[in-house]
Amino acid sequence: MEKMWAGRTEGALSREADDFNSSIHFDSRMYRQDIAGSMEHATMLAVCGIIEEQESEQIIDGLQGILDDLDSGALAIDPDAEDIHMFVEAELTKRIGDVGKKLHTSRSRNDQVALDIRLYLRDEIREIRALIRDLIAAVCEQAEKNQDAIMPGYTHLQRAQPITFAQHLLAYAMMLRRDDGRLSDAAARMNYSPLGSCALAGTTYPIDRMFVARQLGFSGITENSLDGVSDRDFCVELLSALSLTMTHLSRFSEEIILWSSWEFKFVELDDAYTTGSSIMPQKKNSDMAELVRGKTGRVYGDLIALLTVLKGLPLAYNKDMQEDKESVFDAVDTVKMCLRVFAPMIRTMRVNKPNMYAAAQKGFLNATDLADYLTKKGMPFRTAYKLVGGLVADCIAKGKTLEDVSLAEYRAASELFDEDVYAEISLETCVGKRVSAGSTGPESVKAQIRSVQEFLQNEKDFY
Ligand code: ARG
């Protein structure tokens, strides 16, 4: 196939070089954005008197026909085309003749591709944010149902203090809410049109960049033509936001895998989100969570790949930048795939409250509260801490819990102990009396649920 840029060179590109150079097999997914951008560009060219009104209409009709045929499958993408921009332009000229060749006036593929990726990622971000919000809703629903589920809270994966499962889940709701915010920020910063930067230096034609920007829903235009064509910060920003989302999903996955084990048995995933073993009949594996944890590495890889591509590039456009798309496409596909199984997996997860409670009864989770009991009665905290440490060591030696210690034994350790100590160190009290903002206490958990629900209802946040 003759190259649209043939002219400068005589020799044909070798087959290997042609394949190597081509990006059609991954950038064809941007055909809708490419056509939308071209339509507005053609409109603008006529508005600014650069081409005839009727030529612009012909171009737009032609582009609409291509869009319809690609959507319906009547037109197949030519795998031999160099990229989606060349394909659409060649097809347009095939359909409407020489007028089609006017479309690329005062435009370069450099600003065209920069425009297309922004349009494409803007749509993807909206989709990902909707999926994140659905996951937040699923987490919040489970939190609402598990406000009374007392479980051990951990530090160093050692039993630390009693919390509710709702409090634990809401921590993930907060992370995911920040993820949503980061995507919203990235989308806002991305939302400037580079079209009209042309190859690198702008153009001598009297184009109206703001017109195209407005038509395509951008907040404005990029202010420097070199930056307009060479900036991929928005791709890096998106990849970094997605990497963090994957970090959160991966940590959540790790816990779900642990909680589903025989050792914990805190939750049971629905059969729809687990698999069996080909040899061990008893197995029920949390493969979906494991895959999410595993796929996190891919998304980190995409981020590092793009950062590395960009780090040594002189201004402005360089072909290295064609590598941006596979990284961002892989990341958005992966994150969407993960979120699509994650939300229903959380929604259908069964929670074993008795097992959680039983686990919370062991491990001296109320030791801090016992120290606080003495502190509230006047003993300095550090002294109380030491005294309780001694009691715990004694209990471990005798194979009992702090609830099993008799009042006489308590009094032998300190005169400050009274009958009320038992009520004070019950798991229900330890959780129920946590009153600080953000704590695992019931009021705080309710406030968190309310806050998350309000966030989900606030459409204003969802651009
Ligand atoms: N396929 C190219 C890319 O993705 C389009 C831009 C090509 N520009 C150029 N000057 N060769 O980056």
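Below, the structure is looked at part by part. (Residues numbered from 1 in each chain as written. Predicted model: local features only at pLDDT ≥ 70, side-chain atom pairs only at ≥ 80, totals over all residues. Heavy atoms only, no water.)

1. Quick look at empty space enclosed by the protein
Condition: Using protein atoms alone on a 1 Å grid, points that fit a 1.4 Å probe yet trap it form a cavity, whereas open point sets bounded by protein on both sides within 12 Å along at least five of seven lines form a pocket; residues with an atom within 4 Å of a point count as lining. Grid points are joined across faces, edges and corners, and a volume is the space filled by probe spheres set on the points. Each residue receives one of three labels: charged for Asp, Glu, Lys and Arg, nonpolar for Ala, Val, Leu, Ile, Met, Phe, Trp, Tyr, Cys and Pro, and polar for the others, Gly being one of them. Going along the chain from the N terminus, every DSSP run of H or I of four or more residues is numbered as a helix, and every run of E of two or more is numbered as a strand.
Here the structure, examined in full by the defined rule, presents 2 cavities of 30 Å³ or more. Taken together, A360, Q361, G363, F364, L365, N366, T401, L402, E403 and L427 make up the lining of the largest cavity. Classifying every residue of the lining of the largest cavity by side-chain character gives 5 nonpolar, 4 polar and 1 charged. In this structure, the second largest cavity occupies an estimated 30 Å³ of space. Residue lining of the second largest cavity: H41, M44, S106, L195, G196, I207, D208, R209 and V212, and that is the complete set. Sorting the residues of the lining of the second largest cavity by element identifies α3 (31-47) and α8 (209-215) as the ones contributing at least two each. Across the lining of the second largest cavity, the residue classes tally to 4 nonpolar, 3 polar and 2 charged.

2. Some words on the pairing of strand β2 (residues 158-164)
What counts is decided by this rule: Two strands are counted as paired when DSSP detects at least two bridges linking them.
For strand β1 (residues 150-155) and β2, the ladder comprises 6 bridges, and the chain directions are antiparallel. Looking at β2, one finds that M151 is bridged to I163. Where β1 hands over to β2, the hairpin turn is made up of 2 residues, of which H156 adopts a positive phi near 55°.

3. Comments concerning the layout of surface pockets
Volume-wise, the largest pocket comes out at about 460 Å³. Where the lining of the largest pocket is concerned, the elements lending two or more residues are α10 (233-260), β5 (267-268) and β6 (350-351). A class-by-class count of the residues in the lining of the largest pocket yields 5 nonpolar, 7 polar and 6 charged.

4. Topic: the site of the ligand
For the record, the criterion: We define proximity as follows: a residue is near a molecule or strand when any one of its heavy atoms falls within 4 Å of that partner. Here a polar contact means two N or O atoms within 3.5 Å. Within protein one must be a hydrogen donor candidate and the other an acceptor candidate, and residues neighboring in sequence count only if both atoms are side-chain atoms. In these tables, accessible area is a Shrake-Rupley quantity obtained with a 1.4 Å probe, and a residue counts as shielded only by the protein chains included in the view.
Near the ligand, the surroundings consist of S23, D27, D83, H85, R109, N110, V113, Y317, Q322 and K325. Between the ligand and S23, the relevant distance is 3.1 Å, taken from a nitrogen atom to a side-chain nitrogen or oxygen of the residue. Residue K325 places a side-chain N or O atom 2.6 Å away from an oxygen atom belonging to the ligand. Relative to its free-state accessible area of 340 Å², the ligand is covered by the protein chains to the extent of 86%.

5. A closer look at the pattern of salt bridges
Counted only if it meets this: Any carboxyl oxygen of Asp or Glu that lies within 4 Å of a side-chain nitrogen of Lys or Arg is treated as forming a salt bridge with it. Only protein chains enter the accessibility calculation, which uses a 1.4 Å probe; a residue is then buried when its area is under 20% of its type maximum, exposed when over 50%, and partly exposed in between.
Tallied over the entire structure, the rule returns 39 salt bridges. In this structure, K284 engages D271 in a salt bridge whose closest nitrogen and oxygen atoms are separated by 2.8 Å. Separated by 13 residues along the polypeptide, K284 in the loop between β5 and α11 (287-310) and D271 in the loop between β5 and α11 bring together distant segments of the chain. The class for K284 is partly exposed, based on a relative accessible area of 32%. Connected through salt bridges with shared partners, the residues E268, D270, D271, K284 and R350 form a single ionic network.

6. Focus: α11
What counts, and what does not: The length a helix should cover is 1.5 Å for every residue beyond the first. The contact criterion used throughout is that any non-hydrogen atoms of two residues lie within 4.5 Å.
Counted at 1.5 Å a residue, the expected span for α11 with its 24 residues is 34 Å, and the 35 Å between its end C-alpha atoms agrees. Those residues of α11 that sit buried are M288, A289, V292, T296, V299, D302, L303 and L306. Where the residues of α11 are buried, they touch α10 and α12 (324-347).

7. Some words on unusual backbone geometry
Most of the time, phi is negative for any residue but glycine, and the peptide bond is trans. Here the residue pair L315 and A316 is connected by a cis peptide bond, since its omega of 0° sits within 30 degrees of zero. The topology assignment puts A316 in the loop between α11 and α12. With a phi angle near 55°, L157 is a residue other than glycine that sits in the positive phi range. L157 sits in the exposed class, given a relative accessible area of 54%. Of note in this structure, C198 is not a glycine but carries a positive phi near 60°. Of note, C198 is situated in the loop between β3 (192-193) and α8. When its relative accessible area of 5% is taken as the criterion, C198 is described as buried.

8. Side note on the packing of aromatic side chains
Applied cut-off: Working definition: a ring pair exists when centres of Phe, Tyr or Trp rings (six-membered ring for Trp) sit within 6.5 Å. Plane angles under 30 degrees give stacked, over 60 give edge-to-face, the rest tilted. Working rule: Lys NZ or Arg CZ, within 6 Å of ring centre, within 35 degrees of ring normal, means a charge sits over the ring.
Overall, the coordinates contain 10 aromatic pairs when judged by the stated rule. A centroid spacing of 3.9 Å and a plane angle of 5° characterise the contact between Y172 and F252, whose relative ring orientation is stacked. In this pair, Y172 is assigned in helix α7 (residues 165-190) and F252 in helix α10, connecting sequence segments 80 residues apart. F252 matches Y172 in its accessibility class, with the two residues each being buried. Ring pairs connect the aromatic residues Y373, Y410, F417 and Y422, which therefore count as one cluster. Note that K265 overlies the ring of W262, its terminal NZ or CZ placed 4.0 Å from the centroid. Stacked on the ring of Y385, the Lys or Arg R382 has its end atom at 4.8 Å from the ring centre.

9. Points about the state of the cysteines
So the rule is basically this: Here, the term disulfide refers to a pair of cysteine sulfur atoms separated by no more than 2.5 Å.
What the rule picks out here adds up to 0 disulfides. We note that C338 lacks a disulfide partner, and the nearest cysteine sulfur, in C235, lies 20 Å from it. Assessed through its relative accessible area of 2%, C338 is described here as buried. In this model C430 remains outside any disulfide bridge; the closest cysteine sulfur is found in C395, 14 Å from its own.

10. Side note on the packing of helix α6 (residues 109-145) against α7
Condition: Simply put, an axis is a line fit to the C-alpha atoms, just over the touching stretch for a helix, and the angle between two N-to-C directions goes from 0 to 180 degrees. Angles are sorted into four bins: roughly parallel if under 35 degrees, roughly antiparallel if over 145, roughly perpendicular if 65 to 115, and oblique for all others. Left-handed describes a crossing whose near helix is turned anticlockwise from the far helix through less than a right angle; right-handed describes the clockwise counterpart.
Where α6 meets α7, the closest approach of the two axes is 9 Å, and the angle between their N-to-C directions is 165°. The angle between α6 and α7 places the two elements in the roughly antiparallel class. Helix-helix and strand crossings are classified by hand; for α6 and α7 the assignment is left-handed.

The values reported here are purely geometric and, on their own, carry no functional implication.
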